[in-house]
Amino acid sequence: MTTNKASLPPPVNLIPIKRPSNEEVQDTTSILKKRSKDQEKQKNADPDFTSLQKRLLQQLNGTIPISEKIIFRYLQDSQQEIDRIIKQSVIQKESHSVILVGPRQSYKTYLLDCELALLQQSYNEQFITIKLNGFIHSEQTAINGIATQLEQQLQKIHGNETKIDDASLEKISSGSLTEVFEKILLLLDSATKAGSEDGDNADGSSTTKITVVFVFDEIDTFAGPVRQTLLYNLFDMVEHARVPVCIFGCTTKLNILEYLEKRVKSRFSQRVIHMPQIQTLDDMIEGVKDLLTVRLEVSPLASNWNDTMEKELSNPRSNLNRHIRMNFETFRAFPVLKNCLTPLIATSQNFDSLCSAIKSCAFLELYNTNQLSNSLTGRLKSLSDLELAILISAARVALRAKDGSFNFNLAYAEYEKMVKAINSRIPTVAPTINSGTGQTTFSIDNTIKLWLKKDVKNVWETLVQLDFFTEKSAVGLRDNATAAFYASNYQFQGTMIPFDLRSYQMQIILQELRRAIPRSNMYYSWTQL
Ligand SMILES: Nc1ncnc2c1ncn2[C@@H]1O[C@H](COP(=O)(O)OP(=O)(O)OP(=O)(O)O)[C@@H](O)[C@H]1O
Ligand SMILES: [Mg+2]
C-alpha cells in the first residue's frame, strides 16, 4: 500500500521542555543548607529553649526514661492492678491470666509496656516476655512465634547454652497443637533447670524459676467459633505448667467472655480489667498538665513555662482550656490532643513564640479543621454526581431491608428505577424535520443519563474504598456467639461470592444523608423514601 505524502500529518515541532538547570538545583540545596544553618544558629543561640522543646516533645511522644513515664490519674487504678498481678507472677511465681478490655488507643499496650519495662530493671533474669498479636499470627504461626521468641529470650538470659537450631525448632512446631505445647513446656522446664544448676538446695532452684509473661494482643481473633485450641492450651498452661505463666490478653470486644468455649472459660481466671475512660473534664486538664509540665532541672526556662501553661489551663476562658473542653466533648482522647500539640511545639522558634502559640492555639484550630475534613461527611462532599446517586440508592435499599444489608445488584436496580422515574417526568421533544431544507433538528436531551451496570462497578468500588460501605463479614461487633459463627462462616464463603452479590452494610444512613446533602443538589429528593 502506498501512502500519499500529502495525507501525512504535518511534522510536529518538538518544543524542548524546560528543565531546571543545575544552577537552580544548586539554589534549592543552598537554600536548604542555609535554613538548616539558620536552625543550627538558633539552636546554638538558645540552648535553654532547645532543651525545653526537646523534653516537651519527648514527653508527648512517650520517649522519656521509664521511671519518669507519665501515667494519667484516671489510669492509675488499672495500672496498680496490672502492677500487682505482674509482680505476683514474677516475684512470687504465681500463675495468672487476665484480659484487658478497652477501645483502641486506651493505653492497654502502654501500661503493659511500662510495667514490664519497670520490672525489667530489677528482675531482668526472672521473666521472659512473649508477644503475640491476633492480627499477625494464625494458630500455627503463633506457635512458631512462641518457639522463636522463647529461644531468643532464653538465650539472652542463659547465654548460648539453650540454643535451638532450625531443625529442632521445626521439631518443636510439628505435630498437633497440644503436643507442641507439651514440647514447649518441657523446653521451659529444662531451661529453668539449666538456670538452677548452681543452686544446690531446693530453695535455690525455686528462686531461679523463670516466669513466662504472654502479652496477647487482639486475643478475640483466636476466640473464633471453630476450635479455640491455642487459647485452650495457653490457659491450660496457667493451671498445669510447672513454670509460672502469666497471660495478658488485650481486646476491644466488651463481650469477650461470651466467645470463649466452656473448656477455655473454665481455665481462665475470669479476671477482666476494663480500661477506664476519661470521666471528667478535670481528668483531662490534669492529664494535659502532666504531659506539659517540665521538671525544673531540665531547663532554666522550665519554671517560666510551667507557670504560663498552668495559668492557661486554670483559666476557663483561655483558648487552650476551650480547646481541651472541645476535645472532651467530642473525641475524649489524649492521642488526638498529643498529635496536635506536637507540631505546635516542634515548629516554635523560641520561647516567646511557643508561649504565644499556646496562648492563641490558632494551630490547634487549624489542625482540628483539617482533621474534620476527612470525616464521612467531608468525604461525602467530594463525591461526584454518579457516586452520590449510587450511594443514595444503596442507602434506600439498606433502609428498606430487614437487616440493613444490600448488594450491588439491588442498589443498581434502585438507581435504575429512580433515574427512570425522573426521566419519565421530564418532557422530551421529538426531533422535527425542517420541510424546507430537509435537515433534522435534534432537541437537546435533558434527561439524566442512565449509566450501564458495568460502568457503575468502579463507582461501587470507589464507594467501598472510601468506607461508605463495609462488607458484612467485616463488621466487628457481634451480639452473641451464634452471630459470630454465622459471620465467620460467611467470611469463608465471602471470597467465592460473585462481586455483585456480596452483602454490604452502610456506614451512613439515609436520614444522615438527607442532612449532609445540600438542598440544591439534584438528588436531594431521593433522600426520602
Ligand atoms: N511503648 C510506648 N511508649 C510510648 N508511647 C506509647 C507506647 N505504646 C503506646 N503508646 C502511646 O500510647 C497511646 C495509647 O496507645 P496504646 O497502643 O497503648 O493503645 P491500645 O489500647 O493498646 O490500643 P489497641 O487496641 O489498638 O492495641 C498512643 O498515643 C500511643 O502512641
Ligand atoms: Mg495495643
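Residues numbered from 1 in each chain as written. Chains lettered and ligands numbered in written order. Predicted model: local features only at pLDDT ≥ 70, side-chain atom pairs only at ≥ 80, totals over all residues. Heavy atoms only, no water.

## A word on the overall build of the protein chain
Put simply, the test is: Numbering of helices and strands runs from the N terminus, with a helix taken as a DSSP run of H or I at least four residues long and a strand as a DSSP run of E at least two residues long. With a 1.4 Å probe rolled over the protein chains alone, any residue whose accessible area is under 20% of its type maximum counts as buried; one over 50% counts as exposed, and the rest are partly exposed. Any pair of residues with heavy atoms lying within 4.5 Å of one another is described as a contacting pair. Values of accessible area rely on a 1.4 Å probe in the Shrake-Rupley scheme; residue burial ignores everything except the protein chains shown.
Scanning the protein chain from terminus to terminus reveals 23 helices and 10 strands. Looking at the protein chain as a whole, 42% of its 529 residues are labelled buried. Look at the contacts in the protein chain between residues 6 or more apart in sequence, and 75% of them connect residues 24 or more apart. Looking at the protein chain as shown, the accessible area adds up to about 30400 Å², and 53% of this sits on carbon and sulfur atoms.

## Re the sheet that holds strand β2 (residues 127–133)
Let me state the cut-off plainly: Pairing between two strands requires that DSSP report at least two bridges joining them. Orientation is described by axes fitted as lines to C-alpha atoms, over the contacting stretch for helices, and by angles from 0 to 180 degrees between their N-to-C directions.
Overall, parallel pairing links the five strands, which are arranged β2-β3-β4-β1-β5 in an open sheet. Looking at which strands have only one partner, the edges of the open sheet turn out to be β2 and β5 (271–274). Strand after strand, the sheet turns through a mean of 20° between neighbouring axes, direction not considered. Packed onto the sheet, helix α3 (residues 76–90) meets β1 (96–101), β2, β3 (211–217), β4 (245–251) and β5 and runs at close to 145° relative to β5.

## A closer look at the packing of aromatic side chains
To describe a pair of aromatic rings, one takes the distance between the centres and the angle between the planes. Counted only if it meets this: Only Phe, Tyr and Trp rings take part, Trp by its six-membered ring, and two of them pair if their centres are within 6.5 Å. Stacked means planes under 30 degrees apart, edge-to-face means over 60, and tilted covers everything else. Any Lys NZ or Arg CZ that is within 6 Å of a ring centre and within 35 degrees of that ring's normal is treated as a charge sitting over the ring.
Across all of its chains, the model carries 16 aromatic pairs by this definition. Ring centres 5.2 Å apart and planes at 50° place the aromatic pair Phe235 and Phe268 in the tilted group. With Phe235 in helix α9 (residues 229–240) and Phe268 in the loop between α11 (262–265) and β5, this pair connects stretches of sequence that are 33 residues apart. An identical accessibility class is assigned to Phe235 and Phe268; each is buried. Positioned over the ring face of Phe328 is Arg332, at 4.0 Å from the centre of the ring.

## Things to note about the sheet that holds strand β10 (residues 504–506)
Across the sheet, which stays open at both edges, the three strands sit in the order β6-β10-β9 with antiparallel pairing between neighbours. Edge positions in the open sheet fall to β6 (405–406) and β9 (469–471), since each of these has one partner strand only. Pairing geometry for β9 and β10, over three bridges, is antiparallel. Looking at the pairing, Glu471 lines up with Tyr504 of β10. Docked against the sheet, helix α21 (residues 453–465) engages β6, β9 and β10, running at close to 85° with respect to β9.

## Let's talk about the pattern of salt bridges
Opposite charge on two side chains permits them to pair, given that their charged atoms come into close proximity. For clarity, the threshold we go by: What counts as a salt bridge is simple: a side-chain nitrogen of Lys or Arg found within 4 Å of a carboxyl oxygen of Asp or Glu.
Across all of its chains, the model carries 15 salt bridges by this definition. Here Glu68 ties to Arg55 by a salt bridge, and the two come within 2.8 Å at their closest N and O atoms. Taken together, the residues Glu68 in the loop between α2 (47–61) and α3 and Arg55 in helix α2 connect sequence positions 13 residues apart. Glu68 sits in the partly exposed class, given a relative accessible area of 26%. By relative accessible area, which is 10% here, Arg55 ends up buried. One continuous salt-bridge network, built from bridges that share partners, spans Arg55, Glu68, Arg295 and Glu297.

## Section: the nonpolar core
Generally speaking, a soluble globular protein has its nonpolar side chains buried in company with each other. Rules: Among the buried residues, those of types Ala, Val, Leu, Ile, Met, Phe, Trp, Tyr and Cys that are joined through side-chain atoms within 4.5 Å form a nonpolar core. Just so you know, the domain bounds were taken from an automatic or database domain assignment.
Residues Leu52, Phe248, Leu292, Trp305 and Phe334 are the most contacted members of the largest nonpolar core, which totals 59 residues. Looking at this core element by element, the count peaks at six residues for helix α15 (residues 334–346). If you count residues domain by domain, this core takes at least three from each of domain 1 (91–274) and domain 2 (281–372). If sequence neighbours within four positions are ignored, Phe334 has contacts with Phe72, Tyr74, Tyr107, Ile278, Asp283, Met284, Gly287, Val288 and Leu291. Leu154, Leu188, Ile219 and Tyr259 belong to the second-largest nonpolar core, a separate cluster that totals 39 residues.

## So, the side chain of Glu414
This is how it is decided: Contacts described as polar in this section are N or O atom pairs within 3.5 Å, which, within protein, must combine one atom able to donate a hydrogen with one able to accept it, while residues neighboring in sequence count only if both atoms come from side chains.
Examined against the element boundaries, Glu414 turns out to sit in helix α20 (residues 408–425). Judged by relative accessible area, Glu414 falls into the buried class, the value being 5%. A polar contact is formed between the side chain of Glu414 and the side chain of Arg400, at a distance of 3.0 Å. Discounting residues that sit within four places of it in the chain, Glu414 has contacts with Ser393, Arg396, Val397 and Arg400.

## Let's talk about the environment of Gln371
Mapping Gln371 onto the fold places it in helix α17 (residues 362–372). For the pair formed by Gln371 and Cys340, sequence separation is 31 residues and the distance between their alpha carbons is 9.9 Å.

## Describing the packing of helix α12 (residues 281–292) against helix α14 (residues 319–329)
Helix packing for two helices is described by the angle between their axes and how far apart those axes are. To keep things clear, this is the line we draw: Note that the term roughly parallel is reserved for angles under 35 degrees, roughly antiparallel for angles over 145, roughly perpendicular for angles of 65 to 115, and oblique for everything else. By convention the crossing between two helices is left-handed if the near helix lies anticlockwise of the far one by an angle smaller than a right angle, and right-handed if it lies clockwise.
It is at 10 Å that the axes of α12 and α14 come closest, and there the two elements cross at 125°. Considering their axes alone, α12 and α14 lie oblique with respect to each other. In the packing of α12 onto α14, the handedness of the crossing is right-handed. Only Asn321, Ile324, Arg325, Asn327 and Phe328 of α14 make contact with α12, whose side of the interface consists of Leu281, Met284, Ile285 and Val288.

## Observations regarding the site of ligand 1
Just so we agree on the cut-off: Whether a residue is near a molecule or strand depends on its heavy atoms: it is near if one of them lies within 4 Å of it. Three classes are used, and their members are as follows: Ala, Val, Leu, Ile, Met, Phe, Trp, Tyr, Cys and Pro are nonpolar, Asp, Glu, Lys and Arg are charged, and the others, Gly among them, are polar.
The environment of ligand 1 is formed by 15 residues, the closest being Arg104, Ser106, Lys108, Thr109 and Tyr110. Within the side chain of Thr109, one N or O atom sits 2.5 Å away from an oxygen atom of ligand 1. Elements that contribute at least two residues to the shell around ligand 1 include exactly α4 (108–122) and α15. The element that contributes the greatest number of residues to the shell around ligand 1 is α4, accounting for four residues. Its residues placed into classes, the shell around ligand 1 shows four nonpolar, six polar and five charged.

## Let's talk about unusual backbone geometry
Backbone geometry places Glu218, a non-glycine residue, at a positive phi of 50°. Along the chain, the position of Glu218 falls in the loop between β3 and α9. Residue classification places Glu218 among the buried residues on the basis of a relative accessible area of 10%. Of note, the phi angle at Asp467 is positive, near 70°, even though the residue is not glycine. Among the secondary structure elements, Asp467 is positioned in the loop between α21 and β9. For Asp467, a relative accessible area of 46% puts it in the partly exposed group.

## Comments concerning α17
Filter applied, for reference: Relevant arc is that of directions from the helix axis to the C-beta atoms, nothing else.
Among the residues of α17, those classed as buried are Leu364, Tyr367 and Asn368. Buried positions in α17, seen along its axis, are confined to an arc of 100° and lie on one side of it. Opposite the buried face of α17, at more than 90 degrees from it, the exposed residues are Leu366, Thr369 and Asn370. The inward-facing, buried residues of α17 contact α14 and α15.

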